[in-house]
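Listed here are the chains, written in short residue letters.
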Amino acid sequence: NETQISAAARIVHQGGASVLKEYFDIQPIKNAQEGTRVELTAQDNPKDYRLLGAIPDYPPYQGTLLHRGWKTNKITLPQTKTKEPNLVIAPYEVELT
């Protein structure tokens, strides 16, 4: 029945959220509201963003923030051989106009 399915889904989501919080500190990369105008300069890390549209050769880039992107400030999983892990989960997206 729907009530039982909903209760089970809530338990699964709570468990998943708990695991994510235990192993990762997930935060948005760009602290701006989606849909607002943003400017990216040479100081912005290219690993943190993905540009869409007509891309000029060099910054500054101006466009609309489509997605704030996600990063983690901590990973508490078993050690890997990588010396410097890429902590970006999903880059933020800017459509250039």
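Per chain, residues are indexed from 1 in the order of the written sequence. Given that the model is predicted, a residue must reach a pLDDT of at least 70 before its local features are reported, and side-chain atom pairs must reach 80 or more before they are shown or counted; all residues, however, enter totals for whole chains, interfaces and linings. Only heavy atoms go into the side-chain values, all of them from the structure, while hydrogens and water stay out.

A. Region of interest: the sheet that holds strand S5 (residues 70-75). Note on pairing: DSSP must find at least two bridges between two strands before they are called paired. Helix and strand labels come from DSSP, where a helix needs a run of H or I of at least four residues and a strand needs a run of E of at least two; each type is numbered from the N terminus. Strand order in the open sheet formed by three strands is S1-S5-S6, with antiparallel pairing between adjacent strands. Each edge of the open sheet carries a strand with a single partner, namely strand S1 (24-28) and strand S6 (88-90). Each strand of the sheet is rotated relative to its neighbour by a mean of 30°, with strand direction disregarded. Pairing analysis gives four bridges linking S1 to S5, with the strands arranged antiparallel. Here, axes are lines fitted to C-alpha atoms. For helices the fit covers the stretch in contact, and angles between N-to-C directions go from 0 to 180 degrees.

B. View of the sheet that holds strand S7 (residues 92-96). Read across the sheet, four strands follow the order S2-S4-S7-S3 without closing on themselves; strand pairing throughout is mixed. The open sheet terminates on both sides in strands that have one partner only, identified here as strand S2 (37-40) and strand S3 (49-52). Pairs of neighbouring strands in the sheet enclose a mean axial angle of 45°, with direction left out of account. Pairing of strand S4 (residues 61-67) with S7 involves four bridges; the strand directions are antiparallel. Each residue of the ladder has a partner; that of Leu65, found in S7, is Val94.

C. Region of interest: the nonpolar core. We define a nonpolar core as any set of buried Ala, Val, Leu, Ile, Met, Phe, Trp, Tyr and Cys residues linked to one another through side-chain atoms lying within 4.5 Å. Between buried and exposed lies partly exposed: a residue is buried under 20% and exposed over 50% of the maximum accessible area for its type, with that area taken using a 1.4 Å probe on protein chains only. Within the largest apolar cluster, 11 residues are counted, these being Ile29, Val38, Leu40, Tyr49, Leu51, Tyr61, Leu65, Val88, Tyr92, Val94 and Leu96. Only S2, S3, S4 and S7 provide two or more residues apiece to this core. It only takes one pair of heavy atoms within 4.5 Å for two residues to be counted as in contact. Beyond its immediate chain neighbours, meaning those up to four positions away, Val38 contacts Lys30, Ala32, Tyr61, Gln62, Gly63, Leu65 and Val94.

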